[in-house]
Amino acid sequence: MKKELVIKHVRLTFDEWNKSIQKKNVYLYEDKDNRYGFIEIVHVKKRQVWSIFGREIIVADNGYKWLVISPKHANYVITMYMDNKMKPILWYIDIIDEKGTDRDGVFYYNDMFLDIIVSSTFQIVEDDRDELEMALKQGIISNEQYKMVNEIACALTDKLEKEPTWILDLSQDILRKIKKEIQENNCLIYNSNFALE
């Protein structure tokens, strides 16, 4: 059966995780250069585990936190997944097209299929290349979008290979900033509590 692909409209409240995350607190903030999201996972219905880098990695569990960095002038979004001790687990980089703010004030981006995943030891893997190729064949994305995605992925991979700790240094700087903004009550706050099915 042919897989139906769509360009996903992703909100920084990560609503698509609501089936597995029962309760979370989301803090949103922006400055002139970036939009930020900080997600505190209070309670999960079931912990989420990914098979990647040759092992099983938990990315969502009680007390885990995610930091989202969405540069306003670049076509990618970085999510740093952290455990309940704020230790980085991995980074997930979405290559994107359109981005902005929904009517309710929540930041969003349109996911362009191809992703780059970086381990805590700075291993790099590409994810969903097959979906990008299929999206082009099905006419979901244009040749120009396809070219843009590949150019951005290439540039990011090159930067990560030359400066492996770049993504960690950036994330730690942003994490300090967003924690300060949360303490000073400068963030939009969304609390989600979903009943267990």
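Each remark here, short or long, concerns the structure printed above.
Report on the accompanying structure. Source: prediction; values computed, not measured.

### Description of the packing of aromatic side chains
Right, so step 1: Applying the stated criterion across every chain yields a total of nine aromatic pairs.
Right, so step 2: Consider the rings of Trp-91 and Phe-122, whose centres lie 6.0 Å apart with planes at 20 degrees: the pair is stacked. Remark: Phe-122 occurs in the loop between β9 (107-119) and β10 (124-127) and Trp-91 occurs in strand β8 (residues 88-101); sequence separation between them is 31 residues.
Right, so step 3: Among the aromatic residues, those joined into a ring-pair cluster are Phe-14, Trp-17, Trp-50, Trp-66, Tyr-81 and Tyr-92.
Right, so step 4: Above the plane of the ring of Phe-107 lies Arg-35, whose end atom (NZ or CZ) is 5.8 Å from the centre.

### A word on the pairing of strand β2 (residues 21-30)
Right, so step 1: Across the ten residues of β2, eight count as buried, placing the element largely inside the fold.
Right, so step 2: Here β2 runs beside strand β3 (residues 34-44); their pairing, made up of nine bridges, is antiparallel. If you follow Tyr-29 over to β3, its bridge partner there is Tyr-36.
Right, so step 3: Here β2 folds back onto β3 in antiparallel fashion, the turn holding three residues.

### Overview of helix α1 (residues 129-137)
Right, so step 1: Residues of α1 that are buried include every one of Glu-131, Leu-132 and Ala-135, and no others. The buried residues of α1 occupy one face: seen down the axis, they fall within an arc of 100 degrees. Along α1, exposed side chains directed more than 90 degrees from the buried face belong to Asp-130 and Lys-137.
Right, so step 2: Next to the buried residues of α1 lie β9 and α2 (143-162).
Right, so step 3: After α1 finishes, the residue Gly-139 shows a positive phi value of roughly 75 degrees.

### Notes on unusual backbone geometry
Right, so step 1: You will see that Phe-53, though not glycine, has its phi angle at about 55 degrees, which is positive.
Right, so step 2: With respect to the secondary-structure elements, Phe-53 resides in the loop between β4 (48-52) and β5 (55-60).
Right, so step 3: Phi angles above zero are rare outside glycine, and Asp-128 is one such case at about 65 degrees.
Right, so step 4: Relative to the helices and strands, Asp-128 resides in the loop between β10 and α1.
Right, so step 5: Take Asp-128: its relative accessible area is 23%, and that puts it in the partly exposed class.

### A look at the side chain of Asp-61
Right, so step 1: Inspection of the secondary structure puts Asp-61 in the loop between β5 and β6 (65-71).
Right, so step 2: Judged by relative accessible area, Asp-61 falls into the buried class, the value being 12%.
Right, so step 3: Not counting the four nearest positions on each side in its chain, Asp-61 is found in contact with Ile-41, Val-44 and Arg-47.

### Remarks on the pattern of salt bridges
Right, so step 1: In total, this model carries 15 salt bridges according to the counting rule given.
Right, so step 2: Asp-31 is paired through a salt bridge with Lys-177; the nearest N and O atoms lie 3.6 Å apart. Here the residue Asp-31 occupies a position in the loop between β2 and β3, and Lys-177 occupies one in helix α3 (residues 166-183), the gap between them amounting to 146 residues.
Right, so step 3: Judged by relative accessible area, Lys-177 falls into the partly exposed class, the value being 28%.
Right, so step 4: Its salt-bridge partner being Asp-173, residue Arg-176 comes within 2.5 Å of it at the nearest N-O pair. Of the two residues, Arg-176 and Asp-173 are both situated in helix α3; the distance of three residues between them amounts to about one turn of the helix.
Right, so step 5: A residue is classified by how much of its surface remains accessible, and Arg-176, at 54% relative accessible area, is exposed.
Right, so step 6: On the basis of relative accessible area, Asp-173 is assigned to the partly exposed category, the value being 45%.

What counts and what doesn't
Counting restarts for each chain: residues are numbered from 1 in the order of the written sequence. Local features are withheld for residues below a pLDDT of 70 in this predicted model, meaning they are given only at 70 or higher, and side-chain atom pairs are given and counted only at 80 or more; totals for whole chains, interfaces and linings count all residues. The basis for every side-chain value is the complete set of non-hydrogen atoms in the structure, without hydrogens or water. Pairing of aromatic rings covers Phe, Tyr and the six-membered ring of Trp, with a centre-to-centre limit of 6.5 Å; geometry is then stacked below 30 degrees between planes, edge-to-face above 60, and tilted otherwise. Segments assigned H or I by DSSP are reported as helices when at least four residues long, segments assigned E as strands when at least two residues long, and all are numbered from the N terminus. Remark: a charge is flagged as sitting over a ring if the NZ atom of Lys or the CZ atom of Arg is within 6 Å of the ring centre and within 35 degrees of the ring normal. When accessible area is computed with a 1.4 Å probe and restricted to protein chains, residues below 20% of their type maximum are described as buried, those above 50% as exposed, and intermediate ones as partly exposed. Paired strands, in this sense, are two strands between which DSSP finds at least two bridges. The directions from the helix axis to the C-beta atoms form the arc being described. Any two residues having at least one pair of non-hydrogen atoms within 4.5 Å are treated as being in contact. A carboxyl oxygen of Asp or Glu within 4 Å of a side-chain nitrogen of Lys or Arg is what we treat as a salt bridge.

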